[in-house]
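# Chains, contacts and geometry: an overview
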Amino acid sequence: MTVRIETLPPEREATLLAAYSGAVASTRRRNLAVVVVIVALYLLAGWMAEVRPLTFLDNIQNFTAYLGQILPTLTIDNLPADVAAWYWGLPKWLGLLAETILMAYLGTLFGGIAAFALCFLASANLVRSPAIRFCARRFLEVCRTVPEVVFALIFVIAFGLGPMVGVLALAIHTTGALGKLFSEVVENIDMKPVEGLTGTGAGFLETVRFAVVPQVLSNFASYALLRFEINVRGAGVMGFVGAGGIGQEFLVAIRNFYYTDVSAILVLIILTVVTIDLATESLRHHLLGREAHA
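Summary of the structure given here. (Residues numbered from 1 in each chain as written. Predicted model: local features only at pLDDT ≥ 70, side-chain atom pairs only at ≥ 80, totals over all residues. Heavy atoms only, no water.)

## So, the environment of Asp 277
- Mapped onto the fold, Asp 277 is located in helix H11 (residues 259-292).
- If we ignore the near neighbours within four places in the chain, the residues touching Asp 277 are Glu 229 and Arg 233. (Helix = DSSP H or I, 4+ residues; strand = E, 2+ residues; numbered from the N terminus. Contact = heavy atoms within 4.5 Å.)

Shown next as structure tokens:
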């Protein structure tokens, strides 16, 4: 049995080879242009932000020296006593840390509820009115554009010092961030259940309740848990502006040059955030995995 191999005429082969070479050259030129633009923007951003690598290298020893100052003196022979002296304020710090976590929890809860209520109004596949979508989306943008610290400063002036300020600031920013994520999830749902309920005369609330929420609930919970992780870190910063929590004690230690207290509180915050991250990550994967197998 013989196999016949078709060959192209020399003219046709030359034409295809020229077209391929031209396409490759065009792709290389385009990639090179993209690299040049990225490098130019990088240099421009560094110049406008006054990034000075030589200054950074000249002063990097100040950073390492500060790290050396805040580290405690721990010895093998007297390790328990050294650790006890390092964490002399542990009961007080744990109380402030619990306050920080509660601030993050309440801020996430209130912000999540508001985001849940607004995300459906910002979804193009559910709301046909451009005016309603525009107002909902712009409101969410304002909530997430202004940093939590700015909201906290405003609330400190209005309500005074205290954890309530941090809760309000986190709740507003969480509303904007989760509202955006929630609306994107809603816009990617299967519209067949929605069309079925709408065709039977169901109203907006009934359609959302029975056709939309069952499809998005797992993703909503996953994003809310992720936001809780972020808010735990954000709540720690709230204390810098008088919003309570461990951040306020951390700022006091920095300002008064209580070096070992700075490292003790910092390690405590890091361990807490890592623990919460691991726990919420496991729960998020469980929720998404359950949704995938549903």
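## Notes on a nonpolar patch on the surface
- A cluster of nonpolar side chains, contributed by Leu 54, Phe 56, Leu 57, Ile 60, Phe 63 and Leu 67, occupies part of the molecular surface with about 620 Å² of accessible area.
- Structurally, Leu 67 is set in helix H2 (residues 53-70). (Patch = residues over 30% accessible without salt bridge, like charges linked within 9 Å, V, L, I, M, F, W, Y side chains within 5 Å. Areas by Shrake-Rupley, 256 points an atom, 1.4 Å probe, with all protein chains shown as cover. Salt bridge = Lys/Arg side-chain N within 4 Å of Asp/Glu carboxyl O.)

## Points about the pattern of salt bridges
- Applying the stated criterion across every chain yields a total of seven salt bridges.
- Ionic pairing is found between Arg 227 and Glu 148, a salt bridge with its closest N-O pair at 3.4 Å. Of the two residues, Arg 227 sits in helix H9 (residues 204-238) while Glu 148 sits in helix H6 (residues 148-159), which places them 79 residues apart along the sequence.
- Classification of Arg 227 by relative accessible area gives buried; the value is 8%.
- Residue class for Glu 148 comes out buried when judged on its relative accessible area of 16%.
- Residue Glu 184 pairs with Lys 180 through a salt bridge whose shortest N-O separation is 3.5 Å. Taken as a pair, Glu 184 and Lys 180 lie in helix H7 (residues 163-186) at a separation of four residues, close to a single helical turn.
- With a relative accessible area of 34%, Lys 180 lands in the partly exposed category. (Buried < 20%, exposed > 50% of the residue type's maximum accessible area, 1.4 Å probe, protein only.)

## Examining H7
- With 24 residues, H7 should reach 34 Å at 1.5 Å per residue; the first-to-last C-alpha distance of 33 Å fits that figure.
- With 17 of 24 residues buried, H7 is to be regarded as a mostly interior element. (Expected span 1.5 Å × (residues − 1).)

## A few points about the packing of aromatic side chains
- This model, assessed by the stated rule, comprises eleven aromatic pairs.
- Seen from their ring centres, Phe 182 and Phe 220 are 4.0 Å apart, and the 15° between their planes marks the pair as stacked. Residue Phe 182 is located in helix H7, and its partner Phe 220 is located in helix H9; the two are separated by 38 residues in the primary sequence. Summarising the burial analysis for this pair, Phe 182 and Phe 220 share the class buried.
- Joined through ring pairs, the aromatic side chains of Trp 86, Tyr 87, Trp 88 and Trp 93 make up one cluster.
- Between Arg 209 and the ring centre of Phe 210, over which it is positioned, the NZ or CZ distance is 4.8 Å. (Phe/Tyr/Trp six-rings, centres within 6.5 Å; stacked < 30°, edge-to-face > 60°. Lys NZ or Arg CZ within 6 Å of the ring centre and 35° of its normal.)

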